[in-house]
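Chain by chain, the residues run as shown.
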Amino acid sequence: MKTCGKCIYLDYNGTTPIYKPVLDAMMPYLTHHYGNPSSSHQYGREPKRALDHARRAVLRLVCPRGDDIDKEALMITSCGTESNNWAIRFALLRARDRTDGEGPLHVVTSNIEHPAIAECLKSYVEGHLTPKITVTYVEANREGIVSTQEVLDAMMPNTALVTIMTANNEVGSVQPVFDIAKQCRERGVLFHTDAAQAVGKIDLRGLADPDFGADMITLVGHKFGCPKGVAALYVRPDCFNEYKHTGSLLLMGGGQENGMRGGTENVPYIVAMGRAAEILLEKRDNSEITNLESNIVHMSRMRERLLTKLVNGIGKDEIVRVNGPSKPEQRLPNTLSVGLKGVQSGNLLAKIGDIVACSAGSACHSSNQTSYSSVLKALEVPPAYAIGTLRLSVGPDTVEEEIDFAAAAIIEEAN
């Protein structure tokens, strides 16, 4: 059981443990293969080979099956926030010289994005970063899903970028990003999606289709079994060719990351991300089923078991409310955002925090009993449920005994 003492871990959306095969893959590059991959001598050759292998492994998570993998399409970064910020920066630089007097550049996004998108866009809108832009926020419906048509309707002649998350980190709603990507490509508008929360939980192969897929995709290692501190941004080949090697992008230095982001590569962590990606797509037990496909089924079963336990234990009389999509298949298979009427989530978490590790869907504090997250507000979750919301997220190694123990602890305190 993945516990700390008797603490059950149900916060996989916050971060995942480093899986043992991933740690094992890292170790040689912390001890023996410590050379700089830019070096031409023997100590640099193995790290360089490992980097190329890892890039291709990560790209297979989003590229069409069987397609040739262009390793230069993956830019390594330090975190999802960096990837998201760079995606916005790339799009604005690309469009800055292509405006025809329609006014400031324009971006389309949703009202439930991660702060790494929302706060970055806000800085451009307020003029703290240049160029100054305008933003249209497409509202998610009450289930947390954005309409493709509303995204298209929000576009303007000067739209430089559409950025919509693949799956919401709080309620788990999965967005129609494959369709949005296709529609944006047909209209010649760049599309970026923050897939940080989706990797390892849903199948993203084809999202980077060269003809109909996204132009940029954010991927984050610690969300699927890697250490914190490594992430990536898929950038469609030839998307920004005119800006490469001009000294106008990102971190200027030694020319790493195809000339777009200088700095010596963090080889052990990149190797870890590549190994974690490989594990997801490996066949399970000599079958045709991948670990990812098996994990999806298992996590969905654990999620539904947890919900059933909570409903039966706390009561069916409108006390337990699931936030987000009503259809389980429209949510991440591991994510349960549940509002408990009559409960204050901050108080409940303070009491169970040593035995159940989970998060509040509410941002409330003891000094402000009525404050809760912007996502729950956007979904118009009734305040009585919003302030009692828990985000419970299971993982591929979560077992029934852990679900039952955690559910019992929550039920005892809620009652």
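Residues numbered from 1 in each chain as written. Predicted model: local features only at pLDDT ≥ 70, side-chain atom pairs only at ≥ 80, totals over all residues. Heavy atoms only, no water.

*Asks:* Honestly, the overall build of the chain in this entry has me stumped. Any pointers?
*Replies:* Helix and strand content of the chain: 13 helices and 14 strands. Relative to a compact globule of 415 residues, whose C-alpha radius of gyration would be 22 Å, the chain shows 22 Å and is just as compact. Summarising its shape, the C-alpha atoms of the chain cover approximately 60 × 55 × 40 Å along the three principal directions. By the burial criterion, 55% of the 415 residues in the chain qualify as buried. Within the chain, residue pairs in contact and separated by at least 24 positions form 73% of the contacts whose partners lie at least 6 positions apart. Each charge class in the chain can be summarised by its mean position, and for the 43 positive and 49 negative side chains these summaries are 2 Å apart. (Helix = DSSP H or I, 4+ residues; strand = E, 2+ residues; numbered from the N terminus. Rg over C-alpha atoms; globule rule 2.2 N^0.38 Å. Buried < 20%, exposed > 50% of the residue type's maximum accessible area, 1.4 Å probe, protein only. Contact = heavy atoms within 4.5 Å. Lys, Arg positive; Asp, Glu negative; His and termini not counted. Charge placed at Lys NZ, Arg CZ, Asp CG, Glu CD.)

*Asks:* Even after reading the chapter, I still don't get the sheet that holds strand 9 (residues 231-235), so can you show me in this structure?
*Replies:* In sheet architecture, strand pairing relies on hydrogen bonds along the backbone and comes in two forms, parallel and antiparallel. Strand order in the open sheet formed by seven strands is 3-9-8-7-6-4-5, with mixed pairing between adjacent strands. For this open sheet the edge positions go to strand 3 (74-77) and strand 5 (133-138), each flanked by a neighbour on one side alone. Going across the sheet, the axis of each strand differs from the next one's by a mean of 20 degrees, ignoring polarity. The pairing of strand 8 (residues 216-220) with strand 9 spans five bridges and is antiparallel. Paired with leucine 219 across the two strands is alanine 232, which belongs to strand 9. Sitting on the sheet, helix 7 (residues 177-187) is in contact with strand 6 (159-163) and strand 7 (190-194), with an inclination near 160 degrees to strand 7. (Pairing = 2+ DSSP bridges. Axes fitted to C-alpha atoms, helices over the stretch in contact; angles between N-to-C directions.)

*Asks:* Which parts of the structure should I look at to understand the packing of aromatic side chains?
*Replies:* Aromatic ring pairs: the centre-centre distance and the angle between the two ring planes describe each pair. Under the criterion given, the structure shown has two aromatic pairs. If you follow lysine 377 out to its NZ or CZ, it ends over the ring of tyrosine 372, 5.6 Å from the centre. (Phe/Tyr/Trp six-rings, centres within 6.5 Å; stacked < 30°, edge-to-face > 60°. Lys NZ or Arg CZ within 6 Å of the ring centre and 35° of its normal.)

*Asks:* Please clarify how the sheet that holds strand 14 (residues 389-393) should be interpreted in this entry.
*Replies:* An order of 10-11-14-13 is seen for the four strands of this open sheet, with the pairing classed as antiparallel. Of all the strands in the sheet, the pair left with one neighbour each is strand 10 (320-322) and strand 13 (359-360). Bridging between strand 11 (residues 335-340) and strand 14 involves five bridges; their strand directions are antiparallel. Across the sheet, residue valine 338 finds its bridge partner in strand 14, namely leucine 390. Sheet contacts for helix 9 (residues 291-314): strand 10, strand 11 and strand 14; angle to strand 11, the most-contacted strand, approximately 15 degrees. Helix 10 (residues 345-352) contacts strand 11, strand 13 and strand 14 of the sheet and is inclined by roughly 50 degrees relative to strand 14.

*Asks:* So what exactly am I meant to see when it comes to the nonpolar core here?
*Replies:* A general feature of soluble globular proteins is that nonpolar side chains tend to end up buried together. Val162, Phe191, Ile217 and Phe224 are the most contacted members of the largest nonpolar core, which has 75 residues in total. In terms of residues, this core owes the most to one element, helix 8 (residues 267-281), which gives ten residues. Grouped together as the second largest cluster of nonpolar side chains are 27 residues, Met299, Val320, Val356 and Leu390 included. (Core = buried A, V, L, I, M, F, W, Y, C linked by side-chain atoms within 4.5 Å.)

*Asks:* Any chance you could explain the pairing of strand 3 here in plain terms?
*Replies:* Regular strands place their side chains on alternate faces of the sheet. Side chains of strand 3 alternate between two faces, with Leu74 and Ile76 and Met75 and Thr77 buried alike. In the sheet, strand 3 pairs with strand 9 via four bridges, with the strands oriented antiparallel. From the neighbouring strand, isoleucine 76 faces strand 9, where its bridge partner is alanine 232.

*Asks:* What's the story with the state of the cysteines in this structure? I'm lost.
*Replies:* Disulfides are covalent bonds that connect the sulfur atoms of two cysteines. By the definition in use, this model includes zero disulfides. Considering cysteine sulfurs only, cysteine 184 is the nearest to cysteine 239, which forms no disulfide, with 12 Å between them. Relative accessible area serves as the criterion here: at 3%, cysteine 239 is assigned to the buried category. (Disulfide = S-S within 2.5 Å.)

*Asks:* Would you take a moment to explain unusual backbone geometry for this structure?
*Replies:* Negative phi is the rule for most residues except glycine; trans is the rule for most peptide bonds. Each neighbour pair has its own omega, and for threonine 130 with proline 131 the value is 5 degrees, a cis peptide bond. Backbone geometry places aspartate 238, a non-glycine residue, at a positive phi of 75 degrees. Inspection of the secondary structure puts aspartate 238 in the loop between strand 9 and helix 8. For asparagine 286, which is not glycine, the phi torsion reads 60 degrees and is therefore positive. As for its position among the elements, asparagine 286 is in the loop between helix 8 and helix 9.

*Asks:* Whenever I open this one, the side chain of aspartate 11 confuses me. Can you help?
*Replies:* On the secondary structure map, aspartate 11 appears in the loop between strand 2 (7-9) and helix 1 (20-26). Residue aspartate 11 is classed as buried on the basis of its relative accessible area of 15%. A distance of 2.9 Å separates polar atoms of two side chains, one belonging to aspartate 11 and the other to serine 359. Discounting residues that sit within four places of it in the chain, aspartate 11 has contacts with Ala357, Cys358, Ser359, Arg391 and Ser393. (Polar contact = N/O pair within 3.5 Å; in protein donor to acceptor, adjacent residues only side chain to side chain.)

*Asks:* So what exactly am I meant to see when it comes to the packing of helix 9 against helix 13 (residues 400-414) here?
*Replies:* In a pair of packed helices, the angle between the axes and the distance between the axes together describe the arrangement. Two elements in contact, helix 9 and helix 13, have axes separated by 9 Å at closest approach and are oriented at 30 degrees. Looking at the two axes, helix 9 sits roughly parallel to helix 13. Here helix 9 and helix 13 pass one another in a crossing that is right-handed. Every residue of helix 13 that contacts helix 9 at Arg301, Met302, Arg305, Leu306, Lys309, Leu310, Gly313 and Ile314 is listed here: Glu400, Ile403, Asp404, Ala407, Ile410, Ile411 and Ala414. (Parallel < 35°, antiparallel > 145°, perpendicular 65-115°, else oblique. Left-handed = near helix turned anticlockwise from the far one by under 90°.)

*Asks:* When you look at helix 5 (residues 115-125) in this model, what are you seeing that I'm missing?
*Replies:* In an α-helix, one full turn covers 3.6 residues, which means residues spaced three or four apart are oriented alike. Residues of helix 5 that are buried: Ala116, Ile117, Cys120, Leu121 and Tyr124. Here the buried residues of helix 5 occupy an arc of 115 degrees about the axis, which is enough to place them on one side. Along its buried surface, helix 5 packs onto helix 4 (80-96), strand 4 (105-110), strand 5, strand 6 and strand 7. With its phi angle positive at about 85 degrees, glycine 127 sits one or two positions after the end of helix 5. (Arc of directions from axis to C-beta.)

*Asks:* Where do I start with the confidence of the model for the chain in this structure?
*Replies:* Close inspection of predicted coordinates is inappropriate for parts of the model with low pLDDT. Per-chain confidence: the chain averages 91 in pLDDT, with 92% of residues scoring 70 or above. In this model residues 362-367 is a low-confidence stretch, pLDDT under 50, and it forms 16 contacts with partners more than four residues away in sequence or in other chains. (pLDDT = per-residue confidence, 0-100.)

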